[in-house]
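The residues making up each chain are set out below.
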Amino acid sequence: MDKSELRKHIRGLKAEHEAQELDRLSRLVVDAVRRSDQWQRASVVALYHPLPDEVDTRPLIDEALQRGATVLLPQVVGDDLVLRRYTGRDSLQKGAFGILEPCGPPCDNEQDVELIIVPGMAFTTDGRRLGRGRGYYDRLLPRLSGAWRMGICWPFQIVDDIPTYEHDIRMDEVVTGTLCAQ
């Protein structure tokens, strides 16, 4: 399948799952992330505020903030993602594509990010990622060269193959709640 066909296939798989089942699967992913050494050690972490068809990262966002970590969330600015500091739910506003985005100060040194948790439409066990097709993370990830790249998804989003290009950056780890691949 080409990327467009694969995205359509994954959207179909997501539609086959009830919201309650996706919530249960999200909790498994979150629990697996919590057990990882990278999560436990990271003092500067970049996450994302989830869309309804993505793994729910809100428990991780809240936990990281409560433990005193610097929490960064992306804001869409033109064709790029800008990481901004998250200081609490009252620091979110609806941004591009209806996604809640932080309105805190921008990250002043992206090289401080130790862990970035990345969504995707699909992943392979060796870390290849299929995004939504706009290239936002393809442009962000090279700027975070020192960060551990952790892709997260539901188990049915793991596929055997994803067409990749030279600029595509692999994840260091993919977490599904039932599978951890490095």
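Description of the structure in this document. (Residues numbered from 1 in each chain as written. Predicted model: local features only at pLDDT ≥ 70, side-chain atom pairs only at ≥ 80, totals over all residues. Heavy atoms only, no water.)

## Overview of the packing of helix H2 (residues 19–35) against helix H4 (residues 58–66)
Working note: a packed helix pair is described by the angle between its axes plus the distance between those axes. Packing of H2 against H4 brings their axes to within 9 Å, and their N-to-C directions diverge by 30°. Between H2 and H4, the residues in contact are Val30, Val33 and Arg34 and Pro59, Leu60 and Glu63, respectively. Residue classes in the contact of H2 with H4 are distributed as four nonpolar, no polar and two charged. (Axes fitted to C-alpha atoms, helices over the stretch in contact; angles between N-to-C directions. Helix = DSSP H or I, 4+ residues; strand = E, 2+ residues; numbered from the N terminus. Contact = heavy atoms within 4.5 Å. Nonpolar A, V, L, I, M, F, W, Y, C, P; charged D, E, K, R; others polar.)

## Side note on the pairing of strand S2 (residues 70–77)
Burial of S2 is extensive: six of the eight residues sit out of reach of the surface. The pairing of strand S1 (residues 44–46) with S2 spans three bridges and is classified as parallel. Bridge pairing links Val44 to Thr70 in S2. Handedness of the β-α-β unit built from S1, H4 and S2 comes out right-handed. Sheet analysis places S2 next to strand S3 (residues 80–85), joined by six bridges and oriented antiparallel. Note on S3: the bridge partner recorded for Leu72 is Arg85. (Buried < 20%, exposed > 50% of the residue type's maximum accessible area, 1.4 Å probe, protein only. Pairing = 2+ DSSP bridges. Right-handed = clockwise from strand over helix to strand, strands pointing away.)

## Quick look at the packing of aromatic side chains
Per the counting criterion, the structure on display carries one aromatic pair. Aromatic pair Trp154 and Phe156: ring centres 5.9 Å apart, planes at 25°, arrangement stacked. Above the ring of Trp39, the side-chain terminus of Arg67 is found at 4.6 Å from the ring centroid. The cationic tip of Arg139 hangs over the ring face of Tyr136; the distance from NZ or CZ to the ring centre is 5.5 Å. (Phe/Tyr/Trp six-rings, centres within 6.5 Å; stacked < 30°, edge-to-face > 60°. Lys NZ or Arg CZ within 6 Å of the ring centre and 35° of its normal.)

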